[in-house]
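Summary of structural features
These are the residues of each chain, in order.
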Amino acid sequence: MDFFNRFAVPHPSFLIYGAMVSIAIAMIAVVVGITYFKKWGYLWREWLTTVDHKRIGIMYLIVALLMLFRGGVDAIMMRYQLSMPDNTFLDSQHYNEVFTTHGIVMILFMAMPFITFFFNYLIPLQIGARDVAFPRLNALSFWLFFMGAMLFNMSFVVGGSPDSGWTSYFPLAGNEFSTSVGTNYYMIAIQIAGMGTLMTGINFITTILKMRAPGMKLMKMPMFTWSAFIANVIVVFAFPVLTVLLAMGTMDRLFGTNFFTTDNGGMDMLWANLFWVWGHPEVYILILPAFGLYSEIISTFARRNLYGYKSMVASMVVISIFSFLVWAHHFFTMGQGPLTNSIFSITTMAIAVPTGVKIFNWLFTLWKGKIVFTTPMLYSILFIPLFTLGGVTGVMLAMSAADYQYHNTMFLVAHFHNVIIPGVVYAMIAGLTFYWPKMFGFMLNEKLGKWTAWLLSVGFVLAFIPMYITGLDGQARRMYTYSESTGFSTLNMVSFIGAAIMAVAFALLVYNIYYSIRYASRDIGSDPWDARSLEWATHTPVPEYNFAIIPEVASTEAFWDSKKKGHELFKGKIEKIHMPNNSPLPFIMSCIFFVFGFSMVFSIWPVAIIALIGILACLTYRSFEKDHGRYISVEEIEETEAKLRGAKK
Amino acid sequence: MRIKMKLMYLTIVCTIATVLAGCEPLLVLDPKGPQAKTQADDIMLSIWLMSAIVIVVLAILIFVLIKYRASNQSEDYEPPHIEGSPLVEAICIGIPIIIVIFLSIVSVESNYKVEATPAGYEDQEPIVIYASSSNWKWHFSYPEQDIETVNYLYIPANRAIEFKLYSYGPITSFWIPQLGGQKYAMSDMVTTLHLAADAEGEFMGRNANFSGAGFAENTFEVTSMSQADFDEWVDEVHETADPLTDEKFEELLEPGHLGRSTYTGTHLEFSPAPEHDHGSTDSEVEEPKQEDHTDHESGKQTNHDNH
Ligand code: HEM
Ligand SMILES: [Cu+2]
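We now turn to the structure provided with this report. (Residues numbered from 1 in each chain as written. Chains lettered and ligands numbered in written order. Predicted model: local features only at pLDDT ≥ 70, side-chain atom pairs only at ≥ 80, totals over all residues. Heavy atoms only, no water.)

**Points about the coordination of the copper ion (ligand 2)**
In ideal tetrahedral geometry, four donors around a metal make angles of 109.5 degrees, whereas ideal octahedral geometry with six donors gives angles of 90 or 180 degrees. All names here are of chain A. The condition is simple: Excluding water, the donors of a metal are its N, O and S neighbours within 2.8 Å, or within 3.2 Å for Na, K and Ca, and that exclusion means sites may look incomplete. Secondary structure follows DSSP: runs of H or I at least 4 residues long count as helices, runs of E at least 2 residues long count as strands, and numbering of each begins at the N terminus.
Bound to the copper ion (ligand 2) are the protein donor atoms His280 (ND1), His329 (NE2) and His330 (NE2), situated 1.8 to 2.0 Å from the metal. Each donor residue of the copper ion (ligand 2) lies on the same chain, and together they follow the pattern H-x48-H-H. Here the copper ion (ligand 2) and the iron atom of ligand 1 are spaced 4.7 Å apart. Of the two residues, histidine 280 sits in helix 9 (residues 268-301) while histidine 329 sits in the loop between helix 10 (309-322) and helix 11 (338-366), which places them 49 residues apart along the sequence.

Structure follows, in structure tokens:
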């Protein structure tokens, strides 16, 4: 009995029981559904074992959307709890678990897979390649990420969620003050997902450096590819820090080491430092690809080339370097003294300069353009002022003496939501709307799309602007309740209303997908937006091999040139194409990783050791496996091409 | 489009209206001491400057959107290909750089101000108060006065105060918004926060850094009074309060909230502050005697390797 007791949630409530029941029902429904429709074989052949970057991309997208929902429910619960003083909807322990999981889910399991979805789906198409450099590694990245995400989400119903904040500062997160297995989940689930991300980083750097179409010099790459390249370089430098950090944290919690403990020479500040050495670059990993998407969308719908291409690239390079030099701005109040704070204050403000350059470049891209207000464009236009507001409040936070007053308050919470929502989330939805027809062959409804964008923005302003004010009025972040006398009630109620409006907006997005699946026209050709870069030069739906003939490129907007200036993209004739084989190994290995992670969380050593041996066995097998891929014959390609061209019009 | 624009407009107006309606000055912008004043001034300065930036961006955006929208142009207008212009881009880099340099100077100056004895009080000997946190309380030790309080803080107005901060547990952050910004209290070192109150009155103080289940209520009350009243209070405590014993202090450290309480003597005598002193700048105070205390089972007290 003792053995099973450990899996119980230490602090259950009706919400958690409700979640258990609904998860169980959902799982049964999925299994029954797949069996009923006889889809197991299809699922296995076409998805679980796939190495196709487009399918892997779509799987990232599905996870991201599911996690957006999960994190969104957390968010609504928090805002409801705080909408009234002395509310008893959540108690402090639950509130703590909810804001902790909200932060991790949104950043690591929503935003990260969302950008990785764009990397996967778009980069090979944008650079005119047939797949990524290491397709099987790519599948492994996805499945590791997926298993990490699932393991993390399990904490809610098995053993208890982490509760020391997404920053998980020690000693609070150490064994002395966090006695449940929640923080073990944090350490291990993020570790597994993080390994996947690191591999993604390596994979895409290689892909972008080695697999570009002929003629595509570095300075002729589309802006999204540039942004993804730089983001992945940051990944490769930043994520090893996270790996080490989590390994140290795991050892402190499971094996009695003293890296971050308060006695025996441990140093709690070391956690905070290392966390932000990873954490600050992480926020730029999220925002740079978003910048890339905005660049694509704005120039498409301004019907103009991107203004200041070179300074766009240069500013991203500068941002990537500086992003490693500012981490201490997350704890100006740790007592480093005025000199250290001054240095980090200046480096932080300096980041605002290249960011500002980008904003001006977008504005100048609109200048002399011919602006069409489509849904993706609407998001991009709303992004500019709202993100600017978030950026300038960042500069305010960067003034370290003043930050003593903002730190740990709702003002800070307002800042980062103000950059992440209009910055990252809008870009994700805009990009999704923009590339939806490329992926699925029909457009999302424009009218519903625009309503979503406006509702989201109204909700956003109502939900987050008041936080700047309550922050300056002394409302600390992460408080599960406050008393009437503080005077925070009205503005927190406004925030809740805003959050509810945002929830409606997301529901509308889901409805839009449903509506468009049913009613949207399928007859849209392969270039519905009159776009500019290579990803639009192939057919819709994109054939497995992406391009029958590898395109030749002479400018940053190769496809536009081919439409307007008679540039010839596809020279030469069709030849047989070499493609990688599917493989079950990434999926199987990641399942074993899941078992390994789970048994580590609960310290079930025999199982952990067996799983570890399993992982090593998979690696060994892979090392000796001979798999030279396969060829698609010329006839087959011609047949596919003829069919697709027929569909295209 | 029109209705949605209006909706957005309405939202912004409503938000601003609620702000203005809540006429009471915001705590941080209602400073009662020189440090908080420095910070509030920086905040207001940056708000104005940053508003200007937002307005400029917004103005350019609205201008280009109206002027260059497709419905405002002829069918056959083909937007030109423009690579960029070194001059325009230099301006776009130059102006932000100037703003950043200006703010950097302000920021550095303020850093040295808030990390030193508060302006106007330099010639005084500051009163030293040890503020230590334990889940989820604050213990204030007055070594010179030889008294200790829990969850409330009496201070003399118009007197520099040097807080020595540390924690018996998770990292906490000592914050009295109207007197000045916060600073962390940690278990393996002592940090220093310089504050002073220009006025008598009552202020809100709290732990601002999340520290577990009891975090929300981890607050304390601050009362600033004249030096005479303060001295009187100290005398009174010496007459009426019980001495703080080792056992009693262990009891106080137990997780929980407790109300206010007062003692003579301080816990520094038997449970001294961590040795590491961090961020103490000008006024070097004599540390309380570090008696080699026999290890009692609490184990919370860390003595760093001697450095
Ligand atoms: C103009 C550029 C920016 C500047 C100057 C800036 C500055 C800062 C500063 C100084 C802090 C720490 C404040 C404190 O803890 O007291 C902070 C926190 C944060 N910023 Fe920014 N920021 C900028 C842009 C961004 C962007 C683009 C993102 C994300 C996409 C971002 C995400 C965050 C997050 C997530 C936190 C805090 C997380 C936490 O404590 O939980 N920031 N920023
Ligand atoms: Cu940062």
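More follows now that the structure is in view.
**Digging into the nonpolar core**
Stated precisely, the cut-off is as follows: To form a nonpolar core, buried Ala, Val, Leu, Ile, Met, Phe, Trp, Tyr and Cys residues must be joined to one another through side-chain atoms within 4.5 Å. Per-residue accessibility, obtained with a 1.4 Å probe over protein chains only, is compared with the maximum for each type, and a residue is labelled buried under 20%, exposed over 50%, and partly exposed between these values. By definition, residues are in contact when any of their heavy atoms lie within 4.5 Å.
Ranked by size, the top nonpolar core spans 244 residues in total, and within it Phe109(A), Trp271(A) and Trp362(A) carry the most contacts. In this structure Trp362(A) touches Phe291(A), Tyr294(A), Ser295(A), Ile298(A), Leu306(A), Met312(A), Phe383(A) and Ile384(A), once residues within four positions along its chain are discounted. Judged by nonpolar contacts, the second largest core, of 30 residues, contains Ile127(B), Ile161(B), Ala185(B) and Phe230(B).

**Describing the coordination of the iron atom of ligand 1**
Within the protein, a single donor atom binds the iron atom of ligand 1, namely His415(A) (NE2) at 2.2 Å. With respect to the helices and strands, His415(A) occurs in helix 14 (residues 410-440).

**Structural notes on a nonpolar patch on the surface**
Residues and elements named next belong to chain A. The condition is simple: Surface patches are defined over residues having more than 30% relative accessible area and no salt bridge, joining like charges when they lie within 9 Å and nonpolar side chains (Val, Leu, Ile, Met, Phe, Trp, Tyr) when within 5 Å. Here the accessible surface of atoms and residues is derived via Shrake-Rupley with a 1.4 Å probe, and residues count as covered only by protein chains that are part of the display. Within this document, salt bridges are pairs made up of a side-chain nitrogen of Lys or Arg and a carboxyl oxygen of Asp or Glu, the two lying within 4 Å of each other.
Together, Met251, Phe255, Phe259, Trp605, Ile609 and Ile613 make up an exposed nonpolar region whose accessible area comes to about 550 Å². In terms of residues, the nonpolar patch owes the most to one element, helix 19 (residues 605-624), which gives three residues. Locating phenylalanine 259 in the fold gives a position in the loop between helix 8 (223-254) and helix 9.

**Some words on the packing of aromatic side chains**
Residues and elements named next belong to chain A. How we decide: Note on ring pairs: Phe, Tyr and Trp rings are taken, using the six-membered ring of Trp, and paired if centres are within 6.5 Å. Classes follow the plane angle, with under 30 degrees stacked, over 60 edge-to-face and the rest tilted.
In total, this model carries 84 aromatic pairs over all chains according to the counting rule given. Taking the centre distance of 5.9 Å and the plane angle of 80° together, the rings of tryptophan 44 and phenylalanine 587 count as edge-to-face. Of this pair, tryptophan 44 sits in helix 3 (residues 40-48) while phenylalanine 587 sits in helix 18 (residues 585-601); the two residues are 543 residues apart in sequence, bridging distant segments of the chain. By relative accessible area, which is 16% here, phenylalanine 587 ends up buried.

**What to know about the sheet that holds strand 7 (residues 180-185) of chain B**
Adjacent strands of a sheet form backbone hydrogen bonds with each other and so pair up, either parallel or antiparallel. Residue and element names in this part refer to chain B. This is how the line gets drawn: Strand pairing is defined by DSSP finding a minimum of two bridges between the two strands. To define axes, lines are fitted to C-alpha atoms, for helices over the stretch in contact only, and angles between the resulting N-to-C directions are given on a 0 to 180 degree scale.
Strand order across the open sheet formed by five strands is 4-10-9-6-7, with mixed pairing between neighbours. Either end of the sheet is taken by a strand with one partner, and the two such strands are strand 4 (152-156) and strand 7. The mean angle between the axes of side-by-side strands here comes to 20°, regardless of whether they run parallel or antiparallel. Bridge analysis of strand 6 (residues 172-176) against strand 7 gives four bridges, and the strand direction is antiparallel. Within the sheet, the bridge partner assigned to threonine 172 lies in strand 7 and is alanine 185. Contacts from helix 4 (residues 227-240) reach strand 4 and strand 10 (219-225) within the one sheet, and its direction differs from that of strand 4 by about 130°.

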